[in-house]
Amino acid sequence: MRMLLLGIALLAACTGVQAQAQDVQDIKSRINQYFTATEDKDWETVVDFLYPPLFEQVSKEEMVQMFADMSGNGMEVDMSGYRIKRISAPFAFESERYAPVSYMGTMIIQFTSEAYKTPETVGMIKGNLEGTHGTDAVSYDGATNTFTVLVDKVMYAIADEGTKNWHFIENDAQNPMTQKLIPAEVRAHFAEE
């Protein structure tokens, strides 16, 4: 009897590990599609990968327009080299599963308008970028009025229980929307990692 119980416990543990491994593979697949869409500036597809409760705050159309407006109006934004560093094992809470995803990439912002070339504006933009990404992650080329930002961040992958339909939201402790949409219990669980 004791061996039977041990066998059942081992089988349950193996099944749990196998399910987590499948979740990680599903997240990798979805996030690589998300990164490709981001690098290609396919904003409709990018928005489709975002965590749906975000659209209770800002409509999909407004979000697409916001992304589209990043290029133009005196600046060009290019993102490249995005890759996954680490995906945490998913944690189930209420009816959803959550998994932080550490990732990195490069964002290049070139300002083409004369209005963005004043020392005051350059200093303000540099300060904002350094505040978000760290001083070592931001460089500026005055000859081309271009910032290069090494992005090293974490986002949450979130899926309803029983689905492989993972969506994403940045893990920004300073953003009240992140605090509102990611339950405190989930944040506390991953704070221990």
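Just so you know, these numbers come straight off a predicted model, no measurement behind them.

Participant: Would you explain the overall build of the protein chain in this entry?
Facilitator: Per the secondary structure count, the protein chain includes six helices and six strands. Secondary structure elements in the protein chain, listed N-terminal to C-terminal, are α-α-α-β-β-β-α-β-β-β-α-α. Looking at the 193 residues of the protein chain, the share that counts as buried comes to 36%. By sequence separation, contacts in the protein chain at least 24 residues apart represent 63% of the contacts at least 6 residues apart. For the protein chain, the computed accessible surface area is about 11,200 Å², with 55% contributed by carbon and sulfur atoms.

Participant: Quick question: what am I supposed to make of the pattern of salt bridges here?
Facilitator: Close approach of charged atoms allows side chains with opposite charge to pair. For the structure on display, the rule yields eight salt bridges. Here Lys117 ties to Glu114 by a salt bridge, and the two come within 3.3 Å at their closest N and O atoms. Relative accessible area serves as the criterion here: at 59%, Glu114 is assigned to the exposed category. Between Glu130 and Lys126 there is a salt bridge; the shortest N-O distance is 3.2 Å. Highlighted residues: Glu130 and Lys126, both in helix H4 (residues 119–133), separated by four residues, approximately one helical turn. For Lys126, a relative accessible area of 30% corresponds to the partly exposed category.

Cut-off values and rules
Residues numbered from 1 in each chain as written. Predicted model: local features only at pLDDT ≥ 70, side-chain atom pairs only at ≥ 80, totals over all residues. Heavy atoms only, no water. Helix = DSSP H or I, 4+ residues; strand = E, 2+ residues; numbered from the N terminus. Buried < 20%, exposed > 50% of the residue type's maximum accessible area, 1.4 Å probe, protein only. Contact = heavy atoms within 4.5 Å. Areas by Shrake-Rupley, 256 points an atom, 1.4 Å probe, with all protein chains shown as cover. Salt bridge = Lys/Arg side-chain N within 4 Å of Asp/Glu carboxyl O.

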